[in-house]
Each structure stands twice: as C-alpha cells, then as structure tokens.
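Here's the letter readout for the chains.
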Amino acid sequence: MKYGFGIDLGGTTVKIAYFDETGEMLQKWEIPTVTTDGGKHILPHIAASIRDFIRAYQINETMILGMGIGVPGPVDGKGVVNKCVNLGWGVFNIAEELSALTGFPVKAGNDANVAALGEYWKGGGRGYDNMVFATLGTGVGGGIVIDGKLLHGAHGSGAEIGHMVLNRNETAVCGCGKRGCVEQYCSATGIVRLAGLKGMKDVTCKDIFDAAKAGDKVALEVMDEYYEYLGEFLGSLCSVINPEAVVLGGGVSKAGEMLLTGVEPYFHKYVFHAASNVKFALASLGNDAGAYGAFKLALDEFGA
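Remember, predicted model here, so these are calculated numbers, not experimental data.

Novice: Explain the overall build of the chain residue by residue, including any values.
Specialist: Scanning the chain for helices and strands turns up 10 helices and 12 strands. In terms of overall size, the chain behaves like a compact globule, its C-alpha atoms giving a radius of gyration of 20 Å where 304 residues would be expected to give roughly 19 Å. The dimensions of the chain, computed from C-alpha atoms along their principal axes, are 60 × 40 × 35 Å. When burial is assessed residue by residue, the chain has 52% of its 304 residues classed as buried. When contacts within the chain are restricted to residue pairs at least 6 apart in sequence, those whose partners lie at least 24 apart make up 59%. Of the charged side chains in the chain, 25 are positive and 33 negative; the average position of the first set lies 2 Å away from that of the second.

Written out as structure tokens, the structure is:
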C-alpha cells in the first residue's frame, strides 16, 4: 500500500490530508496561510508541517508516492503558477519548489479544478466520467472532467466558468473587470444583489432562501429569476461539454433539493436537446473536496 498527501491551499488556511492509495482519508489538519513578505513563508510552512507529521507518526518515507496541491490561481501542466494575487505570488514553479522542500514529487492544479476532481472521484460526481462542477459561493468557480480527465486548459485557466458573459448589457463591473459575468448573477452575492433590486435590503443569501421556503412572494420572485440565470448558464455550458452530471457546491448548495428542482426546468429550456440528459447532484465532500482532488492529482501522476 502506498500513501500520499493532498493539500488545499487557501488564502486563510492550508488544509492538509494524508491518504492511502484507495482514497481513504487517514488524517487531516490545518495550518494558517501566512501571506506576509509576498507569501514566501507559505511553502516552507507546508513542508515543515508535513515533515513534522511524518516524524510524529514514524512513517516510512518509501511508502509515500507524492503529494498534490490545489492553488488559488492558474497553474499550468508543469506546475507553474501564473500569479496568485491573494497570496502575493508572482510566476514560479510551485511543484518544483515544494518538491525540493519536502523531498517528494508534487503535482499542482487550480484549487477549483482540483475540488472538482475530488467530487468526481469520491463525491457527488462519483460514477460519471463526464462532469461539470460549479461552486456557487461568494463567486462562481468550478471544474470540468471529460472522459475521466480534469480539464486544465493550455495555460492552467481552464473551466473559469464564472466569467462566461451572461448579460452583455450589464453596467456593473465584475471583479474580473468585465461586465455581465455569470459570477454577478449566479453566486450567493448575485442572489443578494437580485434581491436588493427588488427591494429586499440587509438580507443574506440564506435569508432569501428561507423566505422563499416560507412562501414570501418577493423572495420567490428573486429565486425564480436566479434559477433562470443559473439554468441559462448551465444549459449553455452543457451544450458545449455534454456531461453526464452537473454537481453543484458552494454555500448556495446548502439550499439542497430546492436548488436542484428550481434550476432544472430552466436548464431544459436553454440546453441543446441532445445534451439535455444530465443528472443534477449536490456536492458531498464539503471543505474536504480540495484535499481529495489534490491527492487524486498525485495518485494519477505518481501512482503505480
């Protein structure tokens, strides 16, 4: 039996997990992400934490196949990070640097893509070789699995689905600098924005869902508008990709079955008919998706 590590690098914390080659998570822990001094301490801290773990549990290093890491920014197939603004990073090869610090081979990927791989492998997308994963949180991210392989793209920015343009007449600017992005409508922030346009002030995404469940007329109108935006977005995406499954994660997915039943009619309104046979599912790994996916990256690259 071989073992390895999956690392989910976030702007606040680094989640690290230790797996066996079947994908069973044996241990997990977190360390703070120290972004001072241009983020130069992040990788040494990760390496030190892993070395401490190996010593504490007296692990035979010959049994470790390697490690994977998900990073909040574009990462190409060779492990080169192309700027992570939240971490203070520029352009460098994270796989080579972390490998030099730990002594183990490293495979790196974008964090949202890696989380998608985790859901595909052990979560809501399990059993489907072609899957779209969309995280509906403060923004909209995700990943795409085609024929069992994660789509990275030529420059590591594949599946930036939150920045497809959904409304070219939008006047407000998205965080990316464009106008009318999916993220402006289909995120939790987007729901609150839609509610504000209908007079619902000082509410959270959860407040709006709860009010809709209770039958509030304005909240129901907000949610119906949201479902149509989400259905149009996913319908267009699936017309291109033709997946077997769409897995929805992020904070909005906590609405549960209400979200799935709300979006599906609009999805079928907008999707190309030959791509309409899609299973909708909720993400099931929560905050562990990134660690699972990161280890799967390493397993695919360095496993037997």
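Novice: Describe the sheet that holds strand β1 (residues 3–9), and please don't skip the residues or the numbers.
Specialist: Strand order across the open sheet formed by 5 strands is β3-β2-β1-β4-β7, with mixed pairing between neighbours. The sheet is open, and its two edges are formed by β3 (25–32) and β7 (106–110), each paired on a single side. Across the sheet, the mean angle separating the axes of adjacent strands is 15 degrees when strand polarity is ignored. Of the strand pairs in this sheet, β1 and strand β4 (residues 64–71) are connected by 6 bridges, and their pairing is parallel. Counterpart to Ile7 in the pairing with β4 is Ile69. Relative to the sheet, helix α3 (residues 94–102) contacts β1, β4 and β7, its axis offset from that of β4 by approximately 135 degrees.

Novice: Let's hear about the sheet that holds strand β10 (residues 149–150): which residues, and what values?
Specialist: Judged by pairing direction, the sheet is mixed, and its 5 strands sit side by side in the order β10-β9-β8-β11-β12 without closing on themselves. Strands with a single pairing partner mark the edges of an open sheet, and in this sheet they are β10 and β12 (279–282). The sheet contact formed by strand β11 (residues 245–249) and β12 spans 4 bridges and is parallel. Across the sheet, Val247 pairs through a bridge with Ala281, a residue of β12. In this fold helix α4 (residues 111–122) packs onto β8 (131–136), β9 (140–146), β10 and β11, with an angle of close to 120 degrees to the strand it touches most, β8.

Novice: Report on the environment of Gly143, specifying residues and quantitative values.
Specialist: One can find Gly143 in strand β9. On a C-alpha basis, the gap between Gly143 and Glu225 in space is 24 Å, while along the polypeptide they are 82 residues apart. Apart from residues lying up to four places away in sequence, Gly143 is in contact with Ala112, Asn113, Ala116, Met131, Val132, Phe133 and Ala159.

Novice: Can you lay out the packing of aromatic side chains for me, pointing to particular residues and giving the numbers?
Specialist: Within this structure, the stated rule accounts for 13 aromatic pairs. Pairing Tyr3 with Tyr18 gives two aromatic rings, centres 5.7 Å apart and planes at 15 degrees, and the pair type is stacked. Taken together, the residues span a long stretch of sequence, with Tyr3 in strand β1 and Tyr18 in strand β2 (residues 13–20) at a distance of 15 residues. The exposure class of Tyr18 is buried, given its relative accessible area of 8%. Members of the aromatic cluster, connected to one another through ring pairs, are Tyr3, Phe5, Tyr18, Trp29, Phe53 and Tyr57. Positioned over the ring face of Tyr185 is Arg193, at 5.5 Å from the centre of the ring.

Novice: Any details on helix α7 (residues 205–213)? Residues and values, ideally.
Specialist: Looking at α7, one finds that the buried residues are Cys205, Ile208, Phe209, Ala211 and Ala212. Down the axis, α7 shows its buried residues gathered within 165 degrees of arc, on one side only. Every exposed residue of α7 that faces more than 90 degrees away from the buried side is listed here: Lys206 and Lys213. Of the surrounding secondary structure, the elements contacted by the buried residues of α7 are α6 (188–197), α8 (217–241) and α9 (257–270). Just downstream of α7 lies Gly215, where phi reads positive at about 95 degrees.

Novice: Describe the pairing of β2, and please don't skip the residues or the numbers.
Specialist: Across the 8 residues that make up β2, a large majority, 6, are buried. Direction of pairing for β1 relative to β2: antiparallel, over a ladder of 7 bridges. Across the sheet, Leu9 pairs through a bridge with Val14, a residue of β2. Count of turn residues in the β1/β2 antiparallel hairpin: 3 residues. Of the pairings in the sheet, the one linking β2 to β3 comprises 7 bridges and is antiparallel in character. Counted as the bridge partner of Ile16 is Trp29 from β3. Following β2, the chain reverses through 4 residues before pairing antiparallel with β3; Gly23 in that reversal takes a positive phi of roughly 95 degrees.

Novice: Describe the side chain of Asp8, and please don't skip the residues or the numbers.
Specialist: Assignment of secondary structure puts Asp8 in strand β1. Buried charge without a partner: Asp8 forms no salt bridge, and the closest opposite charge is Lys15, 4.7 Å away. Setting aside anything within four residues of it in sequence, one finds Asp8 in contact with Thr13, Val14, Lys15, Gly70, Asp111, Asn287, Gly290 and Ala291.

What counts and what doesn't
- Residues numbered from 1 in each chain as written.
- Predicted model: local features only at pLDDT ≥ 70, side-chain atom pairs only at ≥ 80, totals over all residues.
- Heavy atoms only, no water.
- Helix = DSSP H or I, 4+ residues; strand = E, 2+ residues; numbered from the N terminus.
- Rg over C-alpha atoms; globule rule 2.2 N^0.38 Å.
- Buried < 20%, exposed > 50% of the residue type's maximum accessible area, 1.4 Å probe, protein only.
- Contact = heavy atoms within 4.5 Å.
- Lys, Arg positive; Asp, Glu negative; His and termini not counted.
- Charge placed at Lys NZ, Arg CZ, Asp CG, Glu CD.
- Pairing = 2+ DSSP bridges.
- Axes fitted to C-alpha atoms, helices over the stretch in contact; angles between N-to-C directions.
- Phe/Tyr/Trp six-rings, centres within 6.5 Å; stacked < 30°, edge-to-face > 60°.
- Lys NZ or Arg CZ within 6 Å of the ring centre and 35° of its normal.
- Arc of directions from axis to C-beta.
- Salt bridge = Lys/Arg side-chain N within 4 Å of Asp/Glu carboxyl O.

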